[in-house]
Amino acid sequence: MIRIDANPFEYAFELPRTALVIIDMQRDFIEPGGFGETLGNDVSLLSAIVPACQRVLAAWRGAGALVVHTREAHAPDLSDCPPAKRNRGNPSLRIGDAGPMGRILVAGEPGNQIIPALAPLPGEIVIDKPGKGAFYATPLHELLQKAGITHLLFMGVTTEVCVQTSMREANDRGYDGLLLEDCTESYFPAFKAAAVDMMRAQGAIVGCTAASAALLQQLA
Ligand code: C5J
């Protein structure tokens, strides 16, 4: 059993029953020219967490435990992209439009790939998800159940959108979740702070949160 200092209380997990879930660290969100920027965001805020994510991923791989990567990705014919999602707002490019890194949020396009610094290794699970949550319309729950997973450690972007939605979905499916605070980021720092607070409030109503240093210390 591994025990780490977390908020609002200690988080304990067994490595064979725990997966690291890395949410949407894809070029569309992290690099200029992708979906994040078309929505008017400063994408440089997100790239700041990459070194911390790399350290956790390296340690987790070193421990031999399960890694899951997700990408927000739609089918090329956009059959899994509801018009309400595609047509909302006034972005400079919509989902499916051709951008500097290929079609925005479309599976297989260059912008849809996970950034090279965190690229999946052969054998790691990669989930393409059409929604914000990692469980909606994906095989993730089934794969985790088959692997005997009960605990999920989360990192990735953005904190208050896909990370929070995925943690809430995980919580409803019975997983014990932990968010690595310095390995997640938002285009809006106040939203990140609020999301972290609300997830761990009320006795970790969605899950616990911890600094990645607390995890790394115990993995070492
Ligand atoms: C967004 C995400 N923000 N991965 N996606 O649209 O958080």
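Scroll up to find the structure.
Right, let's walk through the structure included here. Predicted, not measured: the structure shown is a model, and the values here were computed from it. Along each chain, residues carry numbers from 1 onward, in the same order as the chain's sequence is written. Given that this is a predicted model, residues contribute local features only at a pLDDT of at least 70 and side-chain atom pairs are listed and counted only at 80 or more, while totals for whole chains, interfaces and linings are drawn from all residues. Side-chain figures throughout are based on the complete set of non-hydrogen atoms in the structure, without hydrogens or water.

This next bit is on the overall build of the protein chain. Counting secondary structure elements, the protein chain contains 9 helices and 10 strands. Here the radius of gyration uses the C-alpha set of atoms, whereas the globule reference equals 2.2 Å times the residue count to the power 0.38. For 220 residues, the compact-globule estimate of 2.2 N^0.38 gives 17 Å, and the protein chain sits close to it at 17 Å. Considering only C-alpha atoms, the protein chain reaches an extent of 50 × 35 × 30 Å along its principal axes. Put simply, the protein chain has 220 residues, and 51% of those count as buried. Per-residue and other accessible areas were derived by the Shrake-Rupley procedure at a 1.4 Å probe size, with only the shown protein chains allowed to occlude residues. About 9,300 Å² of surface is accessible on the protein chain, with carbon and sulfur atoms providing 54% of the total. Residues scored as positive are Lys and Arg, those scored as negative are Asp and Glu, and His as well as the terminal groups of each chain are ignored. For this purpose, a charge sits on NZ of Lys, CZ of Arg, CG of Asp or CD of Glu. Side chains of the protein chain carry 18 positive and 24 negative charges; the gap between the two charge centres is 3 Å. Secondary structure is summarised from DSSP: a helix means a run of H or I of at least four residues, a strand means a run of E of at least two, and numbering begins at the N terminus for each. A 1.4 Å probe rolled over the protein chains alone gives each residue an accessible area, and that area as a share of the maximum for its type sets the label: buried under 20%, exposed over 50%, partly exposed in between.

Structurally, Pro-100 is set in the loop between strand S5 (98–99) and strand S6 (102–103). For Pro-100, a relative accessible area of 66% corresponds to the exposed category. Separated by 68 residues in sequence, Pro-100 and Pro-32 have C-alpha atoms that sit 8.8 Å apart. Working rule for contacts: check all heavy atoms of both residues, and any pair within 4.5 Å makes them a contact. Not counting residues within four places of it along the chain, the set of residues in contact with Pro-100 comprises Gly-33 and Leu-93.

As a further point, take the site of the ligand. Around the ligand, the surrounding shell consists of Asp-24, Phe-29, Glu-72, Lys-132, Val-157, Thr-158, Val-161 and Cys-162. At a separation of 2.9 Å, an oxygen atom of the ligand approaches a polar side-chain atom of Lys-132. The near set for a molecule or strand comprises every residue that places at least one heavy atom within 4 Å of it. Between N or O atoms, a polar contact is any pair within 3.5 Å; within protein, one atom must be a potential hydrogen donor and the other a potential acceptor, and residues adjacent in sequence are included only when both atoms are from side chains.

Time to look at the packing of aromatic side chains. Aromatic rings from Phe, Tyr and Trp, with only the six-membered ring used for Trp, were paired whenever their centres fell within 6.5 Å, and each pair was classed as stacked if the ring planes differed by under 30 degrees, edge-to-face if by over 60, and tilted otherwise. Applying the stated rule across the entire model yields 5 aromatic pairs. The interplanar angle of 40 degrees and the centroid separation of 5.7 Å between the aromatic rings of Tyr-11 and Phe-13 together place this pair among those described as tilted. Pair check on accessibility: Tyr-11 and Phe-13 agree, each one buried. When the ring of Phe-29 is compared with that of Phe-35, the centres are 6.2 Å apart and the planes differ by 70 degrees; the resulting orientation is edge-to-face. Owing to a relative accessible area of 9%, Phe-35 belongs among the buried residues under this scheme. Taken together through their ring pairs, the aromatic side chains of Tyr-11, Phe-13 and Trp-60 make up a single cluster.

Let's shift gears to the environment of Glu-169. Along the chain, the position of Glu-169 falls in helix H7 (residues 159–172). Judged by relative accessible area, which is 15%, Glu-169 ranks as buried. Separated by 34 residues in sequence, Glu-169 and Phe-135 have C-alpha atoms that sit 6.5 Å apart. Excluding residues that lie within four positions of it along the chain, Glu-169 makes contacts with Gly-133, Ala-134, Phe-135 and Tyr-136.

Let us now look at the nonpolar core. In this description, a nonpolar core means a group of buried Ala, Val, Leu, Ile, Met, Phe, Trp, Tyr and Cys residues linked to one another through side-chain atoms lying within 4.5 Å. Counting 44 residues, the largest nonpolar core has Ile-4, Leu-20, Met-25, Trp-60, Met-155, Leu-178 and Leu-215 as the members making the most contacts within it. The biggest single contributor to this core is helix H4 (residues 50–62), with 6 residues. Formed by 23 residues, the second largest nonpolar core is a distinct cluster that contains Leu-140, Val-163, Tyr-175 and Val-206.

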